[in-house]
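Single-letter residue listing:
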Amino acid sequence: MDGIPLLFKYTVPDKLYEKFWEGLKRGEIYTTKCKKCGTLYYPPRKDCEKCMSSDMEWVKLSNEGILMTYSVVKQKPQGFENYSDYTVGIARNSDGANLMCWVKGEAKVGKKVRLTTDGQRVICEVIE
Amino acid sequence: MNRKVAVIGVGNSKFGKRDDVTIKELAWESVKEALEDAGLTQKDIDITVIGSTAYRGTEIYPAPPVSEYCGLVGKSPIRVEAACATGSSAAFTAINLIASGLADIVLAIGVDKMTEVDTSTSLAIGGRGGNYYWEFHMYGTTFPTYYALYATRHMALFGTTEEDMALASVKAHKYATLNEKAHFRNKITVEDVLKSRVISWPIKLLDSSPISDGSATVIFASEEKVRELKIDTPIWVKGIGYSSDTSYIAARGEWVGLEAARDAAAKAYKMAKISPLDIEYATVHDCFTIAEIMAYEDLGFVEKGKGAELLREGQTEKDGKVAVNLFGGLKAKGHPLGATGLSMIYEVTKQLREEAGPVQHSFKRYLALTHNVGGTGHYAYVMIFNR
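Let me begin by describing the structure that accompanies this report. Values in this document were obtained by computation on a predicted structure and should not be read as measured data. (Residues numbered from 1 in each chain as written. Chains lettered and ligands numbered in written order. Predicted model: local features only at pLDDT ≥ 70, side-chain atom pairs only at ≥ 80, totals over all residues. Heavy atoms only, no water.)

## Section: the overall build of chain A
Line of reasoning, step 1. Looking only at helices and strands, chain A has one helix and eight strands in total.
Line of reasoning, step 2. Each helix (α) and strand (β) of chain A, taken in turn from the N terminus, gives the series α-β-β-β-β-β-β-β-β.
Line of reasoning, step 3. Seen through its principal axes, chain A has C-alpha atoms that stretch 60 × 40 × 25 Å.
Line of reasoning, step 4. A total of 128 residues make up chain A; the buried ones form 45% of that total.
Line of reasoning, step 5. With 21 positive and 17 negative side-chain charges, chain A shows a separation of 3 Å between the mean positions of the two kinds. (Helix = DSSP H or I, 4+ residues; strand = E, 2+ residues; numbered from the N terminus. Buried < 20%, exposed > 50% of the residue type's maximum accessible area, 1.4 Å probe, protein only. Lys, Arg positive; Asp, Glu negative; His and termini not counted. Charge placed at Lys NZ, Arg CZ, Asp CG, Glu CD.)

## Focus: the sheet that holds strand 1 (residues 30-34) of chain A
Residues and elements named next belong to chain A.
Line of reasoning, step 1. On the basis of which strands lie adjacent, the open sheet formed by three strands has the order 2-1-3 and antiparallel pairing. Strand pairing shows two members of the sheet lacking a second neighbour, strand 2 (40-41) and strand 3 (56-60), which therefore form its edges.
Line of reasoning, step 2. Two strands pair when backbone bridges link them, and strand 1 and strand 2 are joined in this way by two bridges, in the antiparallel orientation. Its bridge partner being in strand 2, Thr32 is matched across the sheet by Tyr41. (Pairing = 2+ DSSP bridges.)

## Quick look at helix 1 (residues 23-38) of chain B
Residue and element names in this part refer to chain B.
Line of reasoning, step 1. Between its first and last C-alpha atoms helix 1 spans 23 Å; for 16 residues at 1.5 Å apiece the expected length is 22 Å, and the two agree.
Line of reasoning, step 2. Those residues of helix 1 that fall on the buried side of the exposure criterion are Ile23, Leu26, Ala27, Ser30, Val31, Ala34, Leu35 and Ala38.
Line of reasoning, step 3. In this structure, the buried side of helix 1 is in contact with strand 1 (5-12), helix 2 (63-69), strand 4 (105-113) and strand 7 (213-222).
Line of reasoning, step 4. Trailing helix 1 by a residue or two, Gly39 shows a phi angle of about 70°, which is positive. (Expected span 1.5 Å × (residues − 1). Contact = heavy atoms within 4.5 Å.)

## Observations regarding the sheet that holds strand 10 (residues 323-324) of chain B
All names here are of chain B.
Line of reasoning, step 1. Taken in spatial order, the 10 strands line up as 3-2-4-7-1-8-12-11-9-10 in an open sheet, and their pairing is mixed. A single partner strand is all that each edge strand has here, and the edge strands are strand 3 (78-80) and strand 10.
Line of reasoning, step 2. The pairing of strand 8 (residues 235-244) with strand 12 (residues 379-386) spans eight bridges and is antiparallel. Among the inter-strand pairings, Trp236 is bridged to a residue of strand 12, identified as Asn386.
Line of reasoning, step 3. Where helix 14 (residues 337-352) meets the sheet, it contacts strand 1, strand 2 (47-51), strand 4, strand 7, strand 8, strand 9 (281-283), strand 11 (367-374) and strand 12, and its direction lies at approximately 175° from that of strand 11. (Axes fitted to C-alpha atoms, helices over the stretch in contact; angles between N-to-C directions.)

## Here's the deal with the packing of helix 7 (residues 162-176) of chain B against helix 11 (residues 289-298) of chain B
Describing two packed helices takes the angle between their axes plus the distance from one axis to the other.
Residue and element names in this part refer to chain B.
Line of reasoning, step 1. In the contact formed by helix 7 and helix 11, the axes pass within 8 Å of each other and the chain directions differ by 95°. Viewed along their axes, helix 7 and helix 11 adopt a mutual orientation that is roughly perpendicular. Where helix 7 abuts helix 11, its residues Asp164, Met165, Ala168, Ser169 and Lys171 lie against Thr289, Ile290, Glu292, Ile293 and Tyr296.
Line of reasoning, step 2. Looking at the contact of helix 7 with helix 11 residue by residue, the classes come out as five nonpolar, two polar and three charged. (Parallel < 35°, antiparallel > 145°, perpendicular 65-115°, else oblique. Nonpolar A, V, L, I, M, F, W, Y, C, P; charged D, E, K, R; others polar.)

## Observations regarding the environment of His173 of chain B
All names here are of chain B.
Line of reasoning, step 1. Position of His173 relative to the elements: it lies in helix 7.
Line of reasoning, step 2. C-alpha separation for the pair His173 and Phe184, spaced 11 residues apart in sequence, amounts to 7.1 Å.
Line of reasoning, step 3. His173 has contacts with Phe184, Asn186, Lys187, Ile188, Lys331 and Ala332, leaving out every residue within four places of it along the chain.

## Let's talk about empty space enclosed by the protein
All names here are of chain B.
Line of reasoning, step 1. Tallied over the entire structure, the rule returns two cavities of 30 Å³ or more.
Line of reasoning, step 2. For the largest cavity, the full set of lining residues is Asn12, Phe15, Asn179, Lys181, Phe327, Lys333, Ser343, Tyr346 and Glu347.
Line of reasoning, step 3. A per-element tally of the lining of the largest cavity places helix 14 first, with three residues.
Line of reasoning, step 4. Roughly 40 Å³ of internal volume is contained in the second largest cavity.
Line of reasoning, step 5. What lines the second largest cavity is simply Tyr147, Leu258, His285, Ala291, Met294, Ala295, Asp298, His371 and Val373.
Line of reasoning, step 6. Elements that contribute at least two residues to the lining of the second largest cavity include exactly helix 11 and strand 11.
Line of reasoning, step 7. The element contributing the most residues to the lining of the second largest cavity is helix 11, with four residues.
Line of reasoning, step 8. In terms of residue class, the lining of the second largest cavity is made up of six nonpolar, two polar and one charged. (1 Å grid on protein atoms, 1.4 Å probe; cavity = no way out; pocket = protein on both sides within 12 Å on 5 of 7 lines; lining within 4 Å. Points joined across faces, edges and corners; volume = space filled by probe spheres on them.)

## With respect to the packing of aromatic side chains
Each aromatic ring pair is specified by the distance between its two centres and by the angle formed by the two planes.
Line of reasoning, step 1. For the structure shown, the criterion picks out 26 aromatic pairs over all chains.
Line of reasoning, step 2. Judged by centre distance (5.8 Å) and plane angle (70°), the rings of Trp21 of chain A and Tyr133 of chain B are edge-to-face. Of the two residues, Trp21 of chain A sits in helix 1 (residues 18-25) while Tyr133 of chain B sits in helix 5 (residues 132-139), which places them in two different chains. For the pair shown, Trp21 of chain A and Tyr133 of chain B are each scored as buried.
Line of reasoning, step 3. Joined through ring pairs, the aromatic side chains of Tyr17, Phe20, Trp21 and Tyr42 of chain A together with Tyr133, Trp134 and Tyr248 of chain B make up one cluster.
Line of reasoning, step 4. Against the face of Trp236 of chain B rests Lys4 of chain B, its NZ or CZ located 4.2 Å from the ring centre.
Line of reasoning, step 5. Lying across the ring of Tyr242 of chain B, Lys267 of chain B places its NZ or CZ 4.4 Å from the centre. (Phe/Tyr/Trp six-rings, centres within 6.5 Å; stacked < 30°, edge-to-face > 60°. Lys NZ or Arg CZ within 6 Å of the ring centre and 35° of its normal.)

## Topic: the pairing of strand 1 of chain B
Residue and element names in this part refer to chain B.
Line of reasoning, step 1. Counting buried positions over the eight residues of strand 1 gives eight, a clear majority of the element.
Line of reasoning, step 2. Taken together, the seven bridges between strand 1 and strand 7 define a ladder with antiparallel strand orientation. Paired with Asn12 across the bridge in strand 7 is Ala216.

## Regarding the side chain of Ser71 of chain A
Line of reasoning, step 1. Tracing the backbone through its elements, the reader meets Ser71 of chain A in strand 4 (residues 64-73).
Line of reasoning, step 2. A polar atom in the side chain of Ser71 of chain A sits 2.7 Å from the backbone oxygen of Trp201 of chain B. (Polar contact = N/O pair within 3.5 Å; in protein donor to acceptor, adjacent residues only side chain to side chain.)

In short, geometric facts, not functional conclusions.
Here you go:
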């Protein structure tokens, strides 16, 4: 027999990393850097776990990178059923940050990529 | 450890799509078997630890109904969770309770009823098995995707192929035909794996462990109790290693092995004062075929990048250099998350007691290991046992 469904509805903080979400809308990727010890974080963080400071500054990440690995998602999870197949990748940019992204173009490990956004997420375009 | 700890009873339910029972009856199947195996009743148990991830079942707080059904009311003050390593986290807690002197006999139950939700919901729960905010929310990652990122990089750096990975699945299914408790008991070929539906390339359906229901129970005891109860073949805990890694998978910097598993293995070998090559039987966490290949490397059976070679040479078959997953592995025996780690201890105990029937491996030093990974290396436990 059917069990009683349990629907989870969530609200997630959007002000906390507003600069990141705003940047995505303009095709730019922002992250945070600790003003005290200089550690660059990606994804952005409110607090520096290394020196315990919470004095962080927003910095724009370089858009040059290399594709480290990828996977083509065929069977999609709840919430993504209406998307056509997408390729999830990890790109390392020239600042040394490792970014999860969706890959556009022919994915291959080691290929140069250009990091941009589609307004909602980081996109890495394979450079032919 | 302050006090020696032994396994004195084990039980394992039939794994599979168990829509004939709720989580309570499912747990009882292995609890009953473990109590009978140890020659004990519930009265003899000091504390019960219940490991369950629970999110895919209707009972999202399963410990009270399970302990009530199993006659363990008053003795189950804790439920533990470490994703796919939940069973080992229950064992870890139980062993510590005895080693510390707080208890003498502890029963660890691992149970999950994972098939009560539909697959798409299950994938969305698994996709949160890393970091919701920075991974799932934006990229729609699924649990297979995380391991696929490792597989793609392992293939690019070491020339591991989809055929190599398929061999792990073929081996698992071959042994599961001999295990009446396994989820799948059919033989498959490399071609079947390669032709199966792509889930998250390069991972295909037959590279993946199933979504299973099941339970496993292990009863641990102090050395004094082992003597008092005159246990004839206690299986001793020789070494325990544990570690963890970043939730955000991209932050790890390399994707060809699980750092948490390597760290856990190093700790376990050090405590047991043995080397990787002393291990004669291992149960490894083959949730996906690439995970078995990486496990050989992370456990030090071969150097990094040579895992596929060990598999191709048949060295991890019964009576090979180090026999691996002779009960069918997570791939074919099934992978009910909470039960898996304890089911691994069940297997190792059966092997070390020489009660493994058609899959009995031949031992010289009676040294065996369990390797249980939670998430994509978010948690890792390596435990070494001997007779």
